[in-house]
Amino acid sequence: MMFAVVILARIFNILRSAASPGQIAGGFVIGMTAGLNPSLVISFLAIIILFVVDVNLAAGLLAIALFGLIAYLPDPLFHSLGYFLLAGLPPLEPLWTSLYNVPFIPLTNFNNTVVMGSFASALLLLPPVYFATKRITSIYRRRYDARVRDSKIARFIRSTIVYSWYIRIKEIGDRLW
Amino acid sequence: MVRKNGLGLLAVLSIVVLIIMAVFSDFLLERTMERIGGAIVGARVEFNRVDLHIFRATLSWDRLQVANPDNTWRNLFETGFTKLDMRLEPLFYKRFIAEDMRIDSLLFNTSRTTSGALPGRPATRSTNYIDSVKARFERKLQELPLYNVARLSELDIDGIMDAAGLKTKQRIGSLVDSVERKRGQWEEKLGELPDQEEMARIERQIDSIDIERLDDPEEIARATRLINQILRRIDSLQAVVDSAEKELQGAISEARGYKALAERTIREDYERLLNIARLPEITPGIIAEVLFSPTVVERIHAALTYIGIFRSYNERLRKAGPEKDPNPPRLQGQDIGFPDRRRLPLFWIQRGSLSTVVQGIRVKGLVRNIVTAQRIIGLPTTIEASGTRQDGASVVLRGLFDYLQALPRERLGMEVKNVSLDGFEFNAPTFLPSKLLSGIGRFGGEVEMAGLRFAANGKFSGTGLRFDLSMPDSEDIGRAMAGVRRSIARSTDNFGFEAFTEMLRERFSFSMTSNISEVALNAIKQTAFDEIEKARKQLRDRVEREAGGKLDELRKLIEKQAGDAKKTLSRNKENLDNLSREAETMRRKLIERLQELGRKRTLERLDRF
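In short, a report on the structure. Just so it is clear, the model here is predicted, and its values are computed rather than measured. (Residues numbered from 1 in each chain as written. Chains lettered and ligands numbered in written order. Predicted model: local features only at pLDDT ≥ 70, side-chain atom pairs only at ≥ 80, totals over all residues. Heavy atoms only, no water.)

**Observations regarding the overall build of chain B**
1) Next: Secondary structure assignment for chain B yields 12 helices and 16 strands.
2) Next: Within the span of chain B, comprising 609 residues, buried residues form 42% of the whole.
3) Next: Nonlocal contacts in chain B, meaning residues at least 24 apart in sequence, comprise 70% of its contacts between residues at least 6 apart.
4) Next: Carbon and sulfur atoms make up 52% of the accessible area of chain B, which totals about 33,300 Å². (Helix = DSSP H or I, 4+ residues; strand = E, 2+ residues; numbered from the N terminus. Buried < 20%, exposed > 50% of the residue type's maximum accessible area, 1.4 Å probe, protein only. Contact = heavy atoms within 4.5 Å. Areas by Shrake-Rupley, 256 points an atom, 1.4 Å probe, with all protein chains shown as cover.)

**Looking at the pairing of strand S13 (residues 436-450) of chain B**
Residues and elements named next belong to chain B.
1) Next: With 10 bridges joining them, strand S12 (residues 409-420) and S13 adopt antiparallel strand pairing. Its bridge partner lying in S13, glutamate 410 is registered against methionine 449.
2) Next: Across 13 bridges, the pairing between S13 and strand S14 (residues 453-467) is antiparallel. Bridge pairing in S14 links leucine 436 to phenylalanine 467. (Pairing = 2+ DSSP bridges.)

**Re the side chain of A:Asp75**
1) Next: Relative to the elements of secondary structure, A:Asp75 occurs in helix H5 (residues 75-87).
2) Next: There is a polar contact of 3.0 Å between the side chain of A:Asp75 and the backbone nitrogen of B:Leu331.
3) Next: Setting aside residues no more than four positions away along its own chain, A:Asp75 makes contact with A:Val114, B:Pro329, B:Arg330 and B:Leu331. (Polar contact = N/O pair within 3.5 Å; in protein donor to acceptor, adjacent residues only side chain to side chain.)

**Notes on the interface of chain B and chain A**
1) Next: The partner chain A presents 43 residues to the 35 residues of chain B that form the contact.
2) Next: Taken together, the connections running from chain B to chain A amount to zero salt bridges.
3) Next: Counting across the interface, chain B meets chain A through 15 residue pairs in polar contact (both at pLDDT 80 or more).
4) Next: Looking at the side of chain B that touches chain A, the element that brings in the most residues is helix H1 (residues 4-41) of chain B, giving eight residues.
5) Next: Of the residues that constitute the side of chain B that touches chain A, the class distribution is 18 nonpolar, six polar and 11 charged. (Salt bridge = Lys/Arg side-chain N within 4 Å of Asp/Glu carboxyl O. Nonpolar A, V, L, I, M, F, W, Y, C, P; charged D, E, K, R; others polar.)

**As for the packing of aromatic side chains**
1) Next: According to the stated counting rule, one finds 19 aromatic pairs over all chains in the structure shown.
2) Next: Seen in terms of ring centroids, B:Phe137 and B:Phe508 are 5.3 Å apart; in terms of plane orientation they differ by 80°. Their pairing is edge-to-face. With a gap of 371 residues between them, B:Phe137 in helix H3 (residues 128-143) and B:Phe508 in strand S16 (residues 507-514) connect regions that are remote in the sequence. Taken individually, B:Phe137 and B:Phe508 each receive the classification buried, so the pair is uniform in this respect.
3) Next: Through a chain of ring-to-ring contacts, the aromatic side chains of B:Phe424, B:Phe443, B:Phe460, B:Phe467, B:Phe495 and B:Phe497 assemble into a single cluster.
4) Next: The side chain of B:Arg330 reaches across the aromatic face of A:Tyr72, ending 4.6 Å from its centre.
5) Next: Here the basic side chain of B:Arg342 rests over the ring of B:Tyr93, its NZ or CZ set 3.5 Å away from the ring centre. (Phe/Tyr/Trp six-rings, centres within 6.5 Å; stacked < 30°, edge-to-face > 60°. Lys NZ or Arg CZ within 6 Å of the ring centre and 35° of its normal.)

Below you can see the structure in the form of structure tokens.
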């Protein structure tokens, strides 16, 4: 039981770490890339980056869940964009051909229109989403954080048993690390 | 920049994921293979207990069922335990290359317990031509005449007439109207001809000239001018009559054409009725087709289904550039292919050994080069299998699917010899009981497609045959036909047939011969011939009754109009000829009179001197 608690504490520690607005935004955009892409290999690579690079893991996991839910909607757009990139631009064909002949790269399904289209869309969205997330995080902390902490919903959550367990595990983590 | 804590957590997570993949990978792979297979075939493809060993590079399954897209309650084929030995390295390039495949128990046309139809979006199969070949054979079967003698006496003539939508009455009626309209035009034309009054006036003018009273050359000259005018008038009237006569000839030919058209309409309606009634022609060729073509067509249909699947998949892969799929399934997109520098196809089973049972004979063989792109490997897909039993029965199966050239070529053939026909059933026979109790048979055939050209041949011969006469005949056969069946079944213990068929675009030929045709012909003639002829006569009489009155009316109308017009014209011509002769005579007399007066005056002058 104690071992499980220690593991949970470690996980929460990691989730709470890297909490600057830039790190939160970084985690969020990496999660967005994973969430939008139907390729398991690309999603897994993005998750590896989330864990390894010092960005906010919680924000990344949140983005994966959020964009994973809505990825269905722009699917036709991803298909069109992916088809254009893969088959509609002859200058890029040597690049795709080279990638196609590198071991393991074909396993990413990069030659699938939706995979390519969603990946390209994530890259295009990366700068605006990063800066927007960073800005929103800063504004939230400056203007709304105190208000939200004192709100009825926050007080209710703090009164629940789940939250009390969270606090205990957090304290264990703080003491250990 | 690097989160050291995260590395540990990542390691834990990776182990968890690997464990989950190890547990569920076979399930995921099975679903993926079923999805891809279903997209190729256009019907359900179901694997049982797929087992992938990455490090041993083997893939196996306990059972595979591939549903028939044309009959989703049956399988195109199913396999028992199957194992593939793959090459590991191409897997890292997403290439599936199996050097060897072993299939236990390959079975064809097995029944299913659930429908094999795919839910949602079906696979697109672009082999419209093969579907049109199949449809042509279906139409061939539908065109076979009905040999149900029992039904002939109850022939529903009224029903057949309604279904046929006869055109006789309407068309002949409209021809009659046309002739009536032409009569009006004709009467107008005949009205332009010179009437009796004009003829009489001309005659009076001629008669008004009294030669004896003409003493003066001036008077003779005046009279001559009058005659010339009359002659010119007669000429112009003759021209009118001649042109009217010419037009009449044309109108008579046209009217006679209407008669021929009416008679042809009657013939066409009669043939239409015969087609609907499907009264049989009694010739040996037709008898052979009725006896055996459903069996032959069923085999051809099955072969075309396999060819259709291979060809449609090959057509999709052969397209020069990747066309954009306008509506791929959500989250699946479309794969775009690129050249492989190692020249490996996406999927290739180099050699597969199979075993199956055909007509109770164990058959073993090899299938080579099941591949997504034959042009990469430069080899076609081939099937060779054979088997022999101790009692001498044998089976040979051959197949070729060649998509190396621009023109696709497929060939499927089978030869079965000395096989027992105990319990063998013919498909939908009419003149024979459907089941055999015993016999020895040999049959074989080949189906070949090259581009749009389809050809097939098949033959069957059986000896020592005994039919199962104990099976009850279906209710609608009737006693007469049941009698014909028994008579044929008892009269011979060996028969055979040969079939040839060919199709290229719209050109279709199908012929069958059988050594049982004469026997069947005689049996039918004894029983059914009179009935069939009586039914034909009924239909013929009915058509003629519908049309008869109108046809007579048309004939009489045409003859009367032509007759009346001819009479009028000949009368006119005769009158004009007479007037012309009278006028010529008068002119001659005037000239003679003038000459006579001239001589008289000369003599008188001479006398005065």
